[in-house]
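# Overview (structure and organization)
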Amino acid sequence: MPTLGLAIAAIAALVSFFTTWFIMRRAGKLGLMQQPNGRSSHVAPTPGGGGVGIVAGGSVAGLLMALLLPWLGVPVIMAGILLAFIGYSDDKRPIAARWRLGAQVLLMGAIVAVLPIDQLGLPVPESVLLVLLTLGGALWINLFNFMDGIDGLAASEAIFLLAGAALLAYLFEPGIIDDPRLWWMLGLAAACLGFLLLNWPPARIFMGDAGSTYLGLMLAFFALTTMLSFWLTLWQWLILAGLFLADSLTTLARRLLRRERFWEGHKRHAYQALQRRFASHLTATLLYVGINVLVLLPLAWLAGAYREWGFVIAALTGLALVAAALWAGAGAPLTEDGQAEA
(Lines give C-alpha, C1' and ligand atoms only; values in the text may rest on other atoms or scores of the structure.)
Protein backbone atom coordinates (compact mmCIF):
# COMPACT_ATOMS: atom_id res chain seq x y z
CA MET A 1 0.00 0.00 0.00
CA PRO A 2 2.75 2.58 0.74
CA THR A 3 4.16 2.24 -2.79
CA LEU A 4 0.71 2.61 -4.36
CA GLY A 5 -0.12 5.48 -2.01
CA LEU A 6 3.06 7.39 -2.90
CA ALA A 7 2.37 6.87 -6.60
CA ILE A 8 -1.17 8.21 -6.22
CA ALA A 9 0.14 11.20 -4.25
CA ALA A 10 2.62 11.97 -7.04
CA ILE A 11 -0.17 11.78 -9.63
CA ALA A 12 -2.35 14.09 -7.50
CA ALA A 13 0.47 16.65 -7.24
CA LEU A 14 1.08 16.63 -10.99
CA VAL A 15 -2.63 16.90 -11.84
CA SER A 16 -2.98 19.79 -9.41
CA PHE A 17 0.08 21.66 -10.68
CA PHE A 18 -0.76 21.43 -14.36
CA THR A 19 -4.46 22.20 -13.82
CA THR A 20 -3.48 25.27 -11.80
CA TRP A 21 -0.94 26.29 -14.45
CA PHE A 22 -3.58 25.92 -17.19
CA ILE A 23 -6.02 28.15 -15.28
CA MET A 24 -3.28 30.68 -14.55
CA ARG A 25 -2.44 31.02 -18.24
CA ARG A 26 -6.10 31.39 -19.27
CA ALA A 27 -7.52 33.27 -16.30
CA GLY A 28 -8.41 36.30 -18.42
CA LYS A 29 -10.48 34.27 -20.88
CA LEU A 30 -12.09 32.37 -18.02
CA GLY A 31 -13.07 35.58 -16.23
CA LEU A 32 -10.93 34.72 -13.21
CA MET A 33 -8.67 37.77 -12.94
CA GLN A 34 -8.93 39.27 -9.45
CA GLN A 35 -8.62 43.03 -9.33
CA PRO A 36 -7.25 44.70 -6.17
CA ASN A 37 -9.89 46.29 -3.91
CA GLY A 38 -10.24 47.62 -0.39
CA ARG A 39 -10.62 44.11 1.05
CA SER A 40 -7.69 42.46 -0.71
CA SER A 41 -4.06 42.15 0.32
CA HIS A 42 -2.63 42.25 -3.21
CA VAL A 43 -1.88 45.33 -5.30
CA ALA A 44 -1.86 43.97 -8.86
CA PRO A 45 -4.42 42.02 -10.93
CA THR A 46 -3.79 38.33 -10.28
CA PRO A 47 -5.38 35.13 -11.64
CA GLY A 48 -7.81 33.42 -9.29
CA GLY A 49 -9.60 30.08 -9.26
CA GLY A 50 -6.38 28.10 -8.88
CA GLY A 51 -8.00 25.97 -6.22
CA VAL A 52 -9.60 24.02 -9.05
CA GLY A 53 -6.19 22.38 -9.37
CA ILE A 54 -6.44 21.15 -5.77
CA VAL A 55 -9.95 19.86 -6.46
CA ALA A 56 -8.74 18.02 -9.56
CA GLY A 57 -5.73 16.48 -7.86
CA GLY A 58 -7.62 15.64 -4.67
CA SER A 59 -10.49 14.10 -6.63
CA VAL A 60 -8.13 11.95 -8.69
CA ALA A 61 -6.51 10.69 -5.49
CA GLY A 62 -9.94 10.08 -3.97
CA LEU A 63 -11.29 8.23 -7.02
CA LEU A 64 -8.27 5.94 -7.11
CA MET A 65 -8.67 5.27 -3.40
CA ALA A 66 -12.42 4.79 -3.88
CA LEU A 67 -11.56 1.52 -5.60
CA LEU A 68 -10.60 0.39 -2.11
CA LEU A 69 -13.24 2.51 -0.28
CA PRO A 70 -16.35 2.07 -2.48
CA TRP A 71 -18.77 2.60 0.44
CA LEU A 72 -17.31 5.95 1.42
CA GLY A 73 -15.12 7.52 -1.21
CA VAL A 74 -17.56 8.36 -4.00
CA PRO A 75 -20.19 10.27 -1.93
CA VAL A 76 -17.48 12.40 -0.32
CA ILE A 77 -15.76 13.08 -3.64
CA MET A 78 -19.03 14.12 -5.27
CA ALA A 79 -19.92 16.42 -2.37
CA GLY A 80 -16.48 18.03 -2.62
CA ILE A 81 -16.76 18.56 -6.37
CA LEU A 82 -20.26 20.06 -6.06
CA LEU A 83 -19.13 22.51 -3.39
CA ALA A 84 -16.06 23.40 -5.46
CA PHE A 85 -18.29 24.09 -8.47
CA ILE A 86 -20.38 26.49 -6.39
CA GLY A 87 -17.19 28.17 -5.18
CA TYR A 88 -15.86 28.41 -8.74
CA SER A 89 -19.11 30.02 -9.87
CA ASP A 90 -18.86 32.47 -6.99
CA ASP A 91 -15.28 33.29 -8.00
CA LYS A 92 -16.60 34.36 -11.43
CA ARG A 93 -19.85 36.02 -10.35
CA PRO A 94 -20.75 36.46 -6.65
CA ILE A 95 -23.54 34.23 -5.33
CA ALA A 96 -25.71 35.36 -2.42
CA ALA A 97 -24.30 34.22 0.93
CA ARG A 98 -27.53 32.44 1.92
CA TRP A 99 -27.36 30.16 -1.13
CA ARG A 100 -23.69 29.33 -0.58
CA LEU A 101 -24.30 28.62 3.11
CA GLY A 102 -27.32 26.48 2.30
CA ALA A 103 -25.30 24.37 -0.11
CA GLN A 104 -22.52 23.98 2.46
CA VAL A 105 -24.95 22.79 5.10
CA LEU A 106 -26.62 20.31 2.74
CA LEU A 107 -23.35 18.83 1.45
CA MET A 108 -21.77 18.68 4.90
CA GLY A 109 -24.93 17.01 6.17
CA ALA A 110 -24.75 14.45 3.38
CA ILE A 111 -21.20 13.53 4.41
CA VAL A 112 -22.10 13.29 8.10
CA ALA A 113 -25.09 11.12 7.19
CA VAL A 114 -22.89 8.43 5.55
CA LEU A 115 -20.55 8.24 8.54
CA PRO A 116 -21.25 5.94 11.52
CA ILE A 117 -21.41 8.88 13.94
CA ASP A 118 -23.04 6.71 16.62
CA GLN A 119 -19.58 5.21 17.16
CA LEU A 120 -18.43 8.48 18.72
CA GLY A 121 -20.13 7.26 21.88
CA LEU A 122 -21.41 10.68 22.90
CA PRO A 123 -24.46 10.93 25.23
CA VAL A 124 -26.43 12.76 22.57
CA PRO A 125 -29.27 11.45 20.35
CA GLU A 126 -27.94 10.59 16.90
CA SER A 127 -30.29 13.07 15.19
CA VAL A 128 -29.04 15.90 17.40
CA LEU A 129 -25.44 14.84 16.85
CA LEU A 130 -25.99 14.86 13.08
CA VAL A 131 -27.25 18.45 13.25
CA LEU A 132 -24.40 19.58 15.51
CA LEU A 133 -21.71 18.00 13.33
CA THR A 134 -23.30 19.38 10.17
CA LEU A 135 -23.45 22.93 11.51
CA GLY A 136 -19.96 22.63 12.98
CA GLY A 137 -18.62 21.43 9.64
CA ALA A 138 -20.33 24.26 7.77
CA LEU A 139 -18.86 26.76 10.23
CA TRP A 140 -15.38 25.31 9.67
CA ILE A 141 -15.78 25.55 5.88
CA ASN A 142 -16.46 29.26 6.22
CA LEU A 143 -13.70 29.84 8.76
CA PHE A 144 -11.17 28.17 6.46
CA ASN A 145 -12.44 30.27 3.56
CA PHE A 146 -11.99 33.43 5.67
CA MET A 147 -8.33 32.52 6.22
CA ASP A 148 -7.49 32.39 2.50
CA GLY A 149 -6.33 35.98 2.17
CA ILE A 150 -2.54 36.09 1.70
CA ASP A 151 -0.11 34.18 -0.48
CA GLY A 152 0.51 30.56 0.46
CA LEU A 153 -1.29 30.57 3.81
CA ALA A 154 -4.37 28.41 3.22
CA ALA A 155 -2.55 25.81 1.10
CA SER A 156 0.31 25.46 3.59
CA GLU A 157 -2.21 25.15 6.44
CA ALA A 158 -4.06 22.38 4.60
CA ILE A 159 -0.81 20.52 3.98
CA PHE A 160 0.09 20.84 7.65
CA LEU A 161 -3.31 19.61 8.84
CA LEU A 162 -3.40 16.64 6.46
CA ALA A 163 0.23 15.56 6.75
CA GLY A 164 0.40 16.37 10.47
CA ALA A 165 -2.73 14.36 11.22
CA ALA A 166 -1.46 11.46 9.11
CA LEU A 167 1.90 11.50 10.90
CA LEU A 168 0.32 11.55 14.37
CA ALA A 169 -2.11 8.79 13.44
CA TYR A 170 0.74 6.62 12.18
CA LEU A 171 2.87 7.26 15.28
CA PHE A 172 0.07 6.06 17.55
CA GLU A 173 -1.30 3.35 15.22
CA PRO A 174 1.46 2.06 12.86
CA GLY A 175 -0.94 -0.55 11.49
CA ILE A 176 -2.86 2.11 9.56
CA ILE A 177 -0.02 2.31 7.03
CA ASP A 178 -2.15 0.10 4.77
CA ASP A 179 -5.40 2.02 5.27
CA PRO A 180 -6.53 3.83 2.08
CA ARG A 181 -7.82 6.79 4.07
CA LEU A 182 -4.31 7.60 5.27
CA TRP A 183 -3.06 7.76 1.70
CA TRP A 184 -6.09 9.71 0.54
CA MET A 185 -5.18 12.35 3.11
CA LEU A 186 -1.60 12.41 1.86
CA GLY A 187 -2.81 12.47 -1.74
CA LEU A 188 -4.85 15.60 -1.00
CA ALA A 189 -1.85 17.12 0.78
CA ALA A 190 0.21 16.43 -2.37
CA ALA A 191 -2.48 18.14 -4.48
CA CYS A 192 -2.18 21.19 -2.21
CA LEU A 193 1.58 21.10 -2.70
CA GLY A 194 1.18 21.07 -6.48
CA PHE A 195 -0.95 24.21 -6.21
CA LEU A 196 1.34 25.82 -3.63
CA LEU A 197 4.24 25.80 -6.09
CA LEU A 198 2.36 28.54 -7.98
CA ASN A 199 0.76 30.17 -4.93
CA TRP A 200 3.86 30.55 -2.76
CA PRO A 201 4.77 34.22 -2.13
CA PRO A 202 4.80 36.10 -4.38
CA ALA A 203 1.73 34.23 -5.65
CA ARG A 204 1.24 33.82 -9.38
CA ILE A 205 -2.34 32.62 -8.82
CA PHE A 206 -4.85 32.64 -5.96
CA MET A 207 -6.87 29.73 -4.58
CA GLY A 208 -10.36 31.24 -4.70
CA ASP A 209 -13.52 29.89 -3.11
CA ALA A 210 -13.43 26.80 -5.31
CA GLY A 211 -10.38 25.58 -3.45
CA SER A 212 -10.93 26.99 0.03
CA THR A 213 -14.48 25.69 0.49
CA TYR A 214 -13.49 22.32 -0.98
CA LEU A 215 -10.59 22.04 1.44
CA GLY A 216 -12.77 23.08 4.35
CA LEU A 217 -15.23 20.29 3.53
CA MET A 218 -12.53 17.65 3.01
CA LEU A 219 -10.68 18.59 6.19
CA ALA A 220 -13.94 18.30 8.15
CA PHE A 221 -14.49 14.85 6.64
CA PHE A 222 -11.00 13.62 7.47
CA ALA A 223 -11.27 14.98 11.01
CA LEU A 224 -14.51 13.06 11.52
CA THR A 225 -13.36 9.80 9.97
CA THR A 226 -10.09 9.76 11.91
CA MET A 227 -11.95 10.43 15.16
CA LEU A 228 -14.47 7.66 14.37
CA SER A 229 -11.55 5.29 13.78
CA PHE A 230 -9.91 6.46 17.04
CA TRP A 231 -6.74 7.50 15.20
CA LEU A 232 -6.96 11.01 16.59
CA THR A 233 -9.08 12.77 19.18
CA LEU A 234 -11.15 15.93 18.87
CA TRP A 235 -8.63 17.70 21.12
CA GLN A 236 -5.75 16.83 18.81
CA TRP A 237 -7.61 18.22 15.81
CA LEU A 238 -8.48 21.41 17.69
CA ILE A 239 -4.81 21.87 18.54
CA LEU A 240 -3.64 21.21 14.97
CA ALA A 241 -6.17 23.72 13.60
CA GLY A 242 -5.63 26.08 16.51
CA LEU A 243 -4.06 28.97 14.60
CA PHE A 244 -6.81 29.17 12.00
CA LEU A 245 -9.54 28.68 14.62
CA ALA A 246 -8.17 31.31 17.01
CA ASP A 247 -7.58 33.88 14.27
CA SER A 248 -10.92 33.42 12.49
CA LEU A 249 -13.13 33.03 15.58
CA THR A 250 -11.51 35.94 17.43
CA THR A 251 -11.95 38.16 14.39
CA LEU A 252 -15.53 36.99 13.91
CA ALA A 253 -16.39 37.56 17.58
CA ARG A 254 -15.01 41.09 17.59
CA ARG A 255 -16.92 41.97 14.43
CA LEU A 256 -20.14 40.53 15.90
CA LEU A 257 -19.67 42.59 19.05
CA ARG A 258 -19.33 45.68 16.89
CA ARG A 259 -22.54 44.68 15.03
CA GLU A 260 -20.79 44.60 11.69
CA ARG A 261 -21.88 42.72 8.59
CA PHE A 262 -19.60 39.81 9.47
CA TRP A 263 -20.32 37.86 6.27
CA GLU A 264 -18.77 40.56 4.10
CA GLY A 265 -15.13 40.54 3.06
CA HIS A 266 -12.53 42.50 5.02
CA LYS A 267 -8.82 42.42 5.88
CA ARG A 268 -8.83 42.48 9.66
CA HIS A 269 -7.69 38.96 10.50
CA ALA A 270 -4.51 38.59 12.54
CA TYR A 271 -2.65 37.12 9.56
CA GLN A 272 -3.58 40.17 7.47
CA ALA A 273 -2.50 42.53 10.24
CA LEU A 274 0.82 40.68 10.44
CA GLN A 275 1.26 40.83 6.68
CA ARG A 276 0.84 44.60 6.80
CA ARG A 277 3.09 44.93 9.85
CA PHE A 278 5.90 42.96 8.21
CA ALA A 279 5.10 44.32 4.72
CA SER A 280 5.53 40.72 3.57
CA HIS A 281 3.21 37.86 2.68
CA LEU A 282 6.15 35.47 2.98
CA THR A 283 7.03 36.44 6.55
CA ALA A 284 3.45 36.16 7.79
CA THR A 285 2.94 32.78 6.10
CA LEU A 286 6.25 31.42 7.40
CA LEU A 287 5.33 32.58 10.91
CA TYR A 288 2.13 30.52 10.78
CA VAL A 289 3.98 27.53 9.33
CA GLY A 290 6.64 27.76 12.03
CA ILE A 291 4.12 27.90 14.88
CA ASN A 292 2.23 24.96 13.38
CA VAL A 293 5.27 22.72 13.03
CA LEU A 294 7.33 23.75 16.06
CA VAL A 295 4.55 24.34 18.60
CA LEU A 296 1.17 22.88 17.65
CA LEU A 297 2.34 19.56 16.19
CA PRO A 298 4.27 18.61 19.38
CA LEU A 299 1.32 19.73 21.52
CA ALA A 300 -1.06 17.60 19.46
CA TRP A 301 1.28 14.64 19.96
CA LEU A 302 1.29 15.33 23.70
CA ALA A 303 -2.52 15.41 23.74
CA GLY A 304 -2.50 11.99 22.06
CA ALA A 305 0.15 10.49 24.31
CA TYR A 306 -1.74 11.66 27.42
CA ARG A 307 -5.34 11.50 26.28
CA GLU A 308 -6.72 12.05 29.75
CA TRP A 309 -5.13 15.51 29.59
CA GLY A 310 -6.17 16.21 26.00
CA PHE A 311 -8.94 18.66 26.88
CA VAL A 312 -6.67 20.63 29.24
CA ILE A 313 -3.86 20.83 26.68
CA ALA A 314 -6.28 21.92 23.95
CA ALA A 315 -7.94 24.52 26.20
CA LEU A 316 -4.65 26.07 27.31
CA THR A 317 -3.38 26.07 23.73
CA GLY A 318 -6.57 27.75 22.53
CA LEU A 319 -6.39 30.45 25.20
CA ALA A 320 -2.77 31.20 24.32
CA LEU A 321 -3.58 31.40 20.61
CA VAL A 322 -6.57 33.69 21.18
CA ALA A 323 -4.37 35.99 23.25
CA ALA A 324 -1.79 35.98 20.46
CA ALA A 325 -4.49 36.73 17.87
CA LEU A 326 -5.72 39.68 19.91
CA TRP A 327 -2.16 40.96 20.29
CA ALA A 328 -1.65 40.68 16.53
CA GLY A 329 -4.82 42.70 15.90
CA ALA A 330 -7.46 40.12 14.99
CA GLY A 331 -10.75 41.93 14.38
CA ALA A 332 -9.41 45.34 15.37
CA PRO A 333 -10.59 48.34 13.33
CA LEU A 334 -8.06 49.74 10.89
CA THR A 335 -6.38 53.10 11.40
CA GLU A 336 -6.03 55.62 8.60
CA ASP A 337 -2.66 54.16 7.59
CA GLY A 338 -4.24 50.70 7.23
CA GLN A 339 -2.85 49.20 10.45
CA ALA A 340 -4.94 47.48 13.14
CA GLU A 341 -5.80 49.59 16.15
CA ALA A 342 -4.23 48.55 19.44
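Scroll up to find the structure.
Heads up: these notes are all about the structure in this document. (Residues numbered from 1 in each chain as written. Predicted model: local features only at pLDDT ≥ 70, side-chain atom pairs only at ≥ 80, totals over all residues. Heavy atoms only, no water.)

## Brief notes about the overall build of the chain
The helix and strand inventory of the chain stands at 14 helices and 2 strands. The C-alpha atoms of the chain give a radius of gyration of 19 Å, which matches the 20 Å a tight globule of 342 residues would have. Dimensions of the chain along its principal axes, counting C-alpha atoms only, are 55 × 45 × 35 Å. Among the 342 residues that make up the chain, the fraction classed as buried is 52%. (Helix = DSSP H or I, 4+ residues; strand = E, 2+ residues; numbered from the N terminus. Rg over C-alpha atoms; globule rule 2.2 N^0.38 Å. Buried < 20%, exposed > 50% of the residue type's maximum accessible area, 1.4 Å probe, protein only.)

## Remarks on a positive patch on the surface
A surface patch of positive charge is lined by Arg-25, Arg-26, Lys-29 and Arg-204. The residue Arg-26 is located in the loop between helix 1 (2-25) and helix 2 (27-30) in this model. (Patch = residues over 30% accessible without salt bridge, like charges linked within 9 Å, V, L, I, M, F, W, Y side chains within 5 Å. Areas by Shrake-Rupley, 256 points an atom, 1.4 Å probe, with all protein chains shown as cover. Salt bridge = Lys/Arg side-chain N within 4 Å of Asp/Glu carboxyl O. Lys, Arg positive; Asp, Glu negative; His and termini not counted. Charge placed at Lys NZ, Arg CZ, Asp CG, Glu CD.)

## Quick notes on the packing of helix 1 against helix 3 (residues 51-66)
One way to put it is that helix 1 packs onto helix 3 with a least axis distance of 7 Å and a crossing angle of 155 degrees. By the criterion of interaxial angle, the relationship of helix 1 to helix 3 is roughly antiparallel. In this structure, the crossing between helix 1 and helix 3 has a hand that is right-handed. Contacts between helix 1 and helix 3 pair Gly-5, Ile-8, Ile-11, Ala-12, Val-15, Ser-16, Thr-19, Thr-20 and Ile-23 from the former with Val-52, Gly-53, Ile-54, Ala-56, Gly-57, Val-60, Ala-61, Leu-64 and Met-65 from the latter. For the contact of helix 1 with helix 3, the class distribution of residues is 12 nonpolar, 6 polar and no charged. (Axes fitted to C-alpha atoms, helices over the stretch in contact; angles between N-to-C directions. Parallel < 35°, antiparallel > 145°, perpendicular 65-115°, else oblique. Left-handed = near helix turned anticlockwise from the far one by under 90°. Contact = heavy atoms within 4.5 Å. Nonpolar A, V, L, I, M, F, W, Y, C, P; charged D, E, K, R; others polar.)

## Structural notes on helix 4 (residues 73-92)
Note that an α-helix has 3.6 residues per turn; residues three or four places apart therefore point the same way. Here helix 4 spans 29 Å end to end across 20 residues, near enough to the 28 Å set by a 1.5 Å rise per residue. Where helix 4 is buried, its residues meet helix 2, helix 3, helix 5 (97-114), helix 6 (126-146), helix 8 (180-199) and helix 9 (208-228). (Expected span 1.5 Å × (residues − 1).)

## Brief notes about the nonpolar core
In this structure, Trp-140, Trp-184, Leu-215 and Tyr-288 are the most contacted members of the largest nonpolar core, which totals 96 residues. With residues up to four places along the chain from it excluded, the contact list for Leu-215 reads Ile-54, Phe-144, Ala-158, Leu-188, Cys-192 and Met-207. (Core = buried A, V, L, I, M, F, W, Y, C linked by side-chain atoms within 4.5 Å.)

## Looking at the pattern of salt bridges
Counted according to the given criterion, the structure contains 5 salt bridges. For the salt bridge of Arg-181 with Asp-179, the shortest nitrogen-to-oxygen distance reads 2.9 Å. Across the pair, exposure class does not vary: Arg-181 and Asp-179 are buried alike. The residue Arg-268 makes a salt bridge to Glu-260 at a minimum N-O spacing of 2.9 Å. When sorted by exposure, Arg-268 lands in the same class as Glu-260, which is buried. Each of Arg-255, Arg-258, Glu-260 and Arg-268 takes part in a single network of salt bridges with overlapping partners.

## Regarding the environment of Asp-247
Residue position: Asp-247 is located in helix 11 (residues 242-257). It is 15 Å that separates the C-alpha atoms of Asp-247 and Pro-333, two residues lying 86 residues apart in sequence. The residues contacting Asp-247, other than those within four sequence positions of it, are Met-147, His-269, Ala-270, Tyr-271, Tyr-288, Ala-325 and Ala-330. Side-chain polar atoms of Asp-247 contact the side chain of Tyr-288, separated by 2.7 Å. (Polar contact = N/O pair within 3.5 Å; in protein donor to acceptor, adjacent residues only side chain to side chain.)

## A closer look at the side chain of Ser-16
Locating Ser-16 in the fold gives a position in helix 1. Contact partners of Ser-16, with chain neighbours within four places excluded, come to Gly-53, Ile-54, Gly-57, Ala-191, Gly-194 and Phe-195.

## A word on the packing of aromatic side chains
All chains considered together, the criterion is met by 8 aromatic pairs. Considering the side-chain rings of Phe-144 and Phe-244, the 5.5 Å spacing of their centres and the 45 degrees angle between planes classify their relative orientation as tilted. Placement of the pair is Phe-144 in helix 6 and Phe-244 in helix 11, with a sequence separation of 100 residues. The two residues Phe-144 and Phe-244 agree in class, both being buried. Ring centres of Phe-221 and Phe-222 lie 5.0 Å apart, and the angle between their planes is 55 degrees; on these two criteria the pair is classed as tilted. Assigned by exposure class, Phe-221 and Phe-222 land together as buried. Put simply, the rings of Trp-140, Phe-144 and Phe-244 touch in pairs and so form one group of aromatic residues. Sitting above the plane of the Trp-327 ring, Arg-277 keeps its charged end 4.9 Å from the centroid. (Phe/Tyr/Trp six-rings, centres within 6.5 Å; stacked < 30°, edge-to-face > 60°. Lys NZ or Arg CZ within 6 Å of the ring centre and 35° of its normal.)

## Description of unusual backbone geometry
The omega angle of the peptide bond from Pro-201 to Pro-202 is -5 degrees, so this bond is cis rather than trans. Relative to the elements of secondary structure, Pro-202 occurs in the loop between helix 8 and helix 9. Its identity is not glycine, yet Arg-259 carries a phi of approximately 55 degrees, on the positive side. Tracing the sequence through the fold places Arg-259 in the loop between helix 11 and helix 12 (270-278). With a relative accessible area of 78%, Arg-259 lands in the exposed category. The phi angle at Ala-279 is positive, at roughly 55 degrees, despite the residue not being glycine. Position of Ala-279 relative to the elements: it lies in the loop between helix 12 and helix 13 (281-305).

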